[in-house]
Amino acid sequence: MSTYKEGKMRLQIKNIRIVDPPSQNQDLIGDVFVEDGKIVSKFSGDADEVVDGEGKIAVPGFIDVHAHLREPGQEIKETIYTGTRSAAKGGVTTVFCMPNTEPVIDSTSVVEFIFHKTRKEGCVNVFPVGCATKGLQGLELSEMGLLKEAGIVAVSDDGFPISNSRVMRRVLEYSKMFKLPVISHSEDKELSGNGVMNEGKNSTFLGLRGIPKQAEEVMVSRDIMLAELTGAYLHIAHVSTAGSVDLVRQAKKKNVKVTAETCPHYFTLTDNDVKVYDANTKINPPLRGKEDVDAIKRGLADGTIDCIATDHAPHTQEEKGKEFDLAPFGIIGFETLLSLVLDELVDTGVLSFCEAISKMTSNPAKIFNLEGRGTLKEGSVADVTIIDTRYSYEFKKEKIVSKGKNSPFIGRRFKGGVVMTIVGGNIVWSLNNNSITSFDRR
Amino acid sequence: MSLKFKDLLGLEHLDKNDLQTILDSVKIFKGLFKKSNKTSTLRGKTVVTLFYEPSTRTRTSFEIAAKRLSADVVNIAVSGSSIIKGESLIDTGKTLEAMGADYIVIRHMLAGTPDMLARNLNISIINAGDGFHEHPTQGLLDLYTIYERKKRIEGLRVLLIGDILHSRVARSNIWALTKMGAEVLVLGPSTLIPASIEDLGVKVYHNLDEAIKKVDVLNILRVQFERQQENLFPSIREYISLYQLTKERLAMAKSGVLIMHPGPMNRGIEVTSEVVDAPNAAISEQIVNGVAVRMAVFCLLEHVV
């Protein structure tokens, strides 16, 4: 596959169904024109490359607002090189990387390092999420102003939720003036204790320590109240319980500035799937019950849950091969994102195809103020994902691009997947050669 | 007689027929054991006991059972610290398999470790207690003790008293007894009752004086002092006042109520010495049955290797 230089190439995707959520009622067959890395209405001259889109669907590239790329510091699990390629394979053109790296993302130099590495080795857009507090310690505000100038899109202490309510209040208040949403991994760590899975029948059967749903809901509730107090922008990460969906729904009715995301595993699996002590089902928040899965689907359908993110969390096979209690939390997610959305939400009628796409494109772009992304409107950045709903495949371990092979979906058959990913007008991945094309954005 | 699986990981996945098969053969093995004879059933086989938690009675019981069957026995006691050092359990298991072990009897403080070994090895894995999950041979020996004394299981009411939350003995007992048609009641402070335990088909009680009148069997679990430090009950004194099985409380029970304790006992805490030494206590019988049960399990498991 050819390599393009930005600003020089014209790409035409012919005869493709175009689904662009922000363009009302626009679901038509036509051509997508890309020039100078932007979407245009047509070319003045001939295309440099033509892609046949017959039978396929073009949508805006996915924006995954919750992922762990592990670089700097934990390159043994994932790097920007491998993580962005895994994203590209999953149709994700923009990745928000969480700040629990080593060192953490609480200084402009780390932000600059991530951008530098992405330019050099990455193949999709990477936007860092900065720490909400220095060193993820939950004590002092991070330098949000400087971090924003350096390019962060949100702040979060992610897996180290701020337990002190006064500190959380200050984080919300201070972030507000920069229009930086605060992403809350809502968990009362004291209540979770040493829990490793959802508390209930299955944790009792398995003799594993449980994490009650209330460990999440208590914090969702607190953070919504603090968002109400401060008028700040609160985004609830990876909603996993029916109670959290209700809390967000009520808050939205009261016009609190709160948005929410969930992840594919929370509308696909339950704690019944932990039965074999497989650490690839050990996730935080944990897999919950059937009633939670159903409530999350309702929350997605009625708009309570705005986004679908992956919480892509790669770990080594050695770490995940440990005893269930000792293995780290988290699973990879980029490469199964779309297929699970299609299987579990679209084919089952929970969401229309366009609604489902909006939760991975236009909604996150709007919430996190990403101008000119998440849409295929003229003048937007040419981040495009091409989907073939006829493409059927088995998700095989040896085909995983991420360094992490920790997925509970290995061996599952899917119908419908990503067949091409375009970032800034460049084809960065296509199914035909099933390899990542060489890519240099400079 | 034999079972159609190579591992004994827990009683959850056994059915009534499996349990009856085991009960029937325990009787035979108990007879053999009482005669103090050795049989050559497992001659040439090697049993490794791999214990990550200290244990005297369970390990010794397995060892004696294996030796009575003429197996060679190797005991490995692993200190908790080697887990922290990152030694892989599967590697350890594979090493033992390569050395020719036919059975690994594993005791571990983490739930699911026997399953992990079984998934990765071809030899027989016997769970000798994993975390709060299961202790199947204890569940079987308790089942057999009741069967022997009461001549039946079906229709009996069995009360498990104490720390149900952290008890693998309780879980294995519940599976075995409910599958065989007994009614199981669990009793303890509400902080030591696990979530949704009713889904295992049991009834929950908190008042010993109320529950003791209803049952045919009392199985008293050991209460661990560190649970008080975890703030799960306020004091040993209060625990004793609410849950200790005393002579006075025993007087309220049905006559002939069977008293069991999986050991090791804290005399004077969960149970008084008078009760332990009462004629309807079967605590030393449990020990004898433990050896017979383990002999039966070694012989009944399907031999793959």
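Just so it is clear, the structure is predicted and the values come from calculations on it, not from any experiment.

Asker: Teacher, can you tell me more about the packing of aromatic side chains here?
Answerer: Two aromatic rings are characterised by how far apart their centres lie and by the angle between their planes. In the structure shown here, the tally under the stated rule is 11 aromatic pairs over all chains. Judged by centre distance (4.8 Å) and plane angle (15°), the rings of Y391 of chain A and Y393 of chain A are stacked. The exposure class of Y393 of chain A is buried, given its relative accessible area of 13%. With 5.2 Å between their ring centres and 45° between their planes, F233 of chain B and Y239 of chain B make a pair best called tilted.

Asker: How should I be thinking about the nonpolar core in this particular structure?
Answerer: Soluble, globular proteins show a tendency: their nonpolar side chains are buried together. Of all hydrophobic cores here, the largest spans 107 residues; its most connected members are F62, F96, V341, F353 and I387 of chain A. Take this core: its biggest share by element is seven residues, from helix α11 (residues 337–346) of chain A. Domain assignment of the residues forming this core places at least three in each of domain 1 (11–58 + 380–438) and domain 2 (61–367) of chain A. Grouped together as the second largest cluster of nonpolar side chains are 63 residues, V158, I164, V184 and V291 of chain B included.

Asker: It is not clear to me how unusual backbone geometry should be interpreted in this structure. Could you clarify?
Answerer: Among all residues save glycine, negative phi is the norm, and among peptide bonds the norm is trans. Residue and element names in this part refer to chain A. Residue E102 is joined to P103 through a cis peptide bond whose omega torsion reads 0°. Checked against the element boundaries, P103 lands in the loop between β7 (92–97) and α2 (108–121). Residue P285 is bonded to the preceding N284 through a cis peptide linkage, with omega at -5°. Tracing the backbone through its elements, the reader meets P285 in the loop between β14 (258–262) and α9 (290–301). At R70, a position not held by glycine, the phi torsion is positive, near 70°. Topologically, R70 is positioned in the loop between β6 (62–67) and α1 (80–89). Positive phi, close to 55°, is recorded for L136, a residue that is not glycine. Along the polypeptide, L136 turns up in the loop between β8 (125–130) and α3 (144–150).

Asker: Hey, could you run me through the interface of chain A and chain B in this one?
Answerer: Many structure descriptions define interface size as the accessible area lost when the parts assemble. Residue-level contacts link 17 residues of chain A with 24 residues of chain B. Between chain A and chain B, the buried area comes to about 1600 Å², and carbon and sulfur atoms account for 59% of it. The partner of E12 of chain B in a salt bridge is K275 of chain A, and the shortest N-O contact between them spans 3.0 Å. At the junction of chain A and chain B, the tally comes to five residue pairs in polar contact (both at pLDDT 80 or more). The class makeup of the residues in the side of chain A that touches chain B is six nonpolar, four polar and seven charged.

Asker: In this structure, what is going on with the state of the cysteines? I would like to understand it.
Answerer: One covalent bond between the sulfur atoms of two cysteine residues makes up a disulfide. Going through the model one piece at a time under the given rule, you end up with zero disulfides over all chains. Sulfur of C307 of chain A: no disulfide; nearest cysteine sulfur belongs to C263 of chain A and is 11 Å away.

Asker: Could you clarify how one ought to interpret the pattern of salt bridges in this entry?
Answerer: When the charged atoms of two side chains lie near each other, side chains of opposite charge can form a pair. Going through the model one piece at a time under the given rule, you end up with 37 salt bridges over all chains. Linking K117 of chain A and E71 of chain A is a salt bridge whose minimum nitrogen-to-oxygen distance equals 3.3 Å. Within this pair, whereas K117 of chain A is found in helix α2, its partner E71 of chain A is found in the loop between β6 and α1, the two being separated by 46 residues in sequence. For the pair formed by K117 of chain A and E71 of chain A, the shared burial category is buried. Between E285 of chain B and K30 of chain B there is a salt bridge, with its nearest N and O atoms 2.7 Å apart. One end of the pair, E285 of chain B, is in helix α13 (residues 283–300); the other, K30 of chain B, is in helix α1 (residues 16–34), with 255 residues separating them in the sequence. Take K30 of chain B: its relative accessible area is 7%, and that puts it in the buried class.

Asker: Can you walk me through the side chain of D271 of chain A in this structure?
Answerer: Residue and element names in this part refer to chain A. Following the sequence through the fold, D271 ends up in the loop between β14 and α9. Of the buried charged residues, D271 lacks a salt bridge, with K213 as the closest side chain of opposite charge at 7.1 Å. When near neighbours in sequence (up to four residues on either side) are disregarded, D271 contacts M197, N198, N202, L287, R288 and G289.

Asker: What's the story with the sheet that holds strand β8 (residues 217–220) of chain B in this structure? I'm lost.
Answerer: Within a sheet, neighbouring strands are paired by backbone hydrogen bonds and run either parallel or antiparallel to one another. Residues and elements named next belong to chain B. In spatial order, the strands read β7-β6-β5-β8-β9; together these five strands make up an open sheet with parallel pairing. Pairing within the sheet leaves two strands with one partner each, and these edge strands are β7 (202–205) and β9 (258–260). With strand direction ignored, the average angle separating the axes of adjacent strands in the sheet is 20°. Sheet topology note: the β8/β9 ladder contains three bridges and is parallel. Within β9, the residue paired with L218 across the bridge is I259. Along the sheet, helix α6 (residues 136–150) contacts β5 (157–161), β8 and β9; its crossing angle with β9, the most-contacted strand, is approximately 160°.

Asker: What should I look at first to understand the environment of L226 of chain A in this one?
Answerer: Residues and elements named next belong to chain A. Along the chain, L226 turns up in helix α7 (residues 214–230). Accessibility expressed as a relative area gives 12% for L226, which makes it buried. When the C-alpha atoms of L226 and A132 are compared, they prove to be 15 Å apart, with 94 residues separating the residues in sequence. In contact with L226, other than residues within four places in its own chain, are S165, M168, R169 and L172.

Asker: I tried to follow the environment of G145 of chain A on my own but got confused; where do I start?
Answerer: As for its placement among the helices and strands, G145 of chain A is situated in helix α3. C-alpha of G145 of chain A to C-alpha of L180 of chain A: the two residues are 35 residues apart in sequence and 9.4 Å apart in space.

Asker: How should I be thinking about the packing of α1 of chain B against α13 of chain B in this particular structure?
Answerer: The description of two packed helices rests on the angle between their axes and on the distance between the axes. Residues and elements named next belong to chain B. Where α1 meets α13, the axes come as close as 8 Å, and the angle between the chain directions of the two elements is 115°. When the interaxial angle is binned, α1 and α13 end up roughly perpendicular. Crossing of α1 over α13 shows right-handed handedness. On the side of α1, the interface is formed by T21, I22, S25, V26, F29, K30, F33 and K34, while α13 contributes E285, V288, N289, V291, A292, V293, M295, A296, C299 and L300. A class-by-class count of the residues in the contact of α1 with α13 yields 12 nonpolar, three polar and three charged.

Cut-off values and rules
Residues numbered from 1 in each chain as written. Chains lettered and ligands numbered in written order. Predicted model: local features only at pLDDT ≥ 70, side-chain atom pairs only at ≥ 80, totals over all residues. Heavy atoms only, no water. Phe/Tyr/Trp six-rings, centres within 6.5 Å; stacked < 30°, edge-to-face > 60°. Buried < 20%, exposed > 50% of the residue type's maximum accessible area, 1.4 Å probe, protein only. Core = buried A, V, L, I, M, F, W, Y, C linked by side-chain atoms within 4.5 Å. Helix = DSSP H or I, 4+ residues; strand = E, 2+ residues; numbered from the N terminus. Domains from an automatic or database assignment. Contact = heavy atoms within 4.5 Å. Buried area = accessible area lost by both parts, 1.4 Å probe. Salt bridge = Lys/Arg side-chain N within 4 Å of Asp/Glu carboxyl O. Polar contact = N/O pair within 3.5 Å; in protein donor to acceptor, adjacent residues only side chain to side chain. Nonpolar A, V, L, I, M, F, W, Y, C, P; charged D, E, K, R; others polar. Disulfide = S-S within 2.5 Å. Lys, Arg positive; Asp, Glu negative; His and termini not counted. Pairing = 2+ DSSP bridges. Axes fitted to C-alpha atoms, helices over the stretch in contact; angles between N-to-C directions. Parallel < 35°, antiparallel > 145°, perpendicular 65-115°, else oblique. Left-handed = near helix turned anticlockwise from the far one by under 90°.

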